[in-house]
Amino acid sequence: MKRILCAALFSVLLAGSAVASQPPAAQGEFVPATPGASTEQLPAAPLLIAAYAFVWVAAMGYVWTIARRLNKVEGELRALAQKATRTSR
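This is a predicted model, so every value here is computed, not measured.

Undergrad: What is the right way to look at the overall build of the chain in this model?
TA: Scanning the chain from terminus to terminus reveals 2 helices and 0 strands. Out of the 89 residues in the chain, the part that is buried amounts to 6%.

The following block contains the structure:
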């Protein structure tokens, strides 16, 4: 399960870096910025993909830890039930 989570995280990070590393369109000449105009903006797609990936990985990790703890408690309950049946005989 840990390998699957690591592979999923790696693929999301790799996909996000591929989208972010595309060069901007070339311009033929210098165009000065107008005062008050916002010229620098972060692209939203890589940030959105990273946010969704983080939430999915965190949710899957949480479900995985809950399942592990639940299995441990069920094992302890089985052992306790066996011990109780031995002592009641």
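There is more to say after this.
Undergrad: Looking at this model, I keep getting lost on helix H2 (residues 44-88). Mind explaining?
TA: An α-helical turn contains 3.6 residues, so a residue and the one three or four places further along point in the same direction. Between the first and last C-alpha of H2 there are 66 Å, a value that for 45 residues agrees with the 66 Å anticipated at 1.5 Å per step. Those residues of H2 not exposed but buried are Pro46, Ala53 and Gly61.

Undergrad: Just checking my understanding: could you explain the packing of aromatic side chains for this structure?
TA: Here a ring pair, both rings aromatic, is described through the centre-centre distance and the interplanar angle of the planes. With the rule as written, the count across this model stands at 0 aromatic pairs. Across from the ring centre of tryptophan 64, 5.0 Å away, lies the NZ or CZ of arginine 68, which sits over that ring.

Reading the values: the criteria
- Residues numbered from 1 in each chain as written.
- Predicted model: local features only at pLDDT ≥ 70, side-chain atom pairs only at ≥ 80, totals over all residues.
- Heavy atoms only, no water.
- Helix = DSSP H or I, 4+ residues; strand = E, 2+ residues; numbered from the N terminus.
- Buried < 20%, exposed > 50% of the residue type's maximum accessible area, 1.4 Å probe, protein only.
- Expected span 1.5 Å × (residues − 1).
- Phe/Tyr/Trp six-rings, centres within 6.5 Å; stacked < 30°, edge-to-face > 60°.
- Lys NZ or Arg CZ within 6 Å of the ring centre and 35° of its normal.

Note that every value here comes from positions in space, so none of it alone points to a role or purpose.
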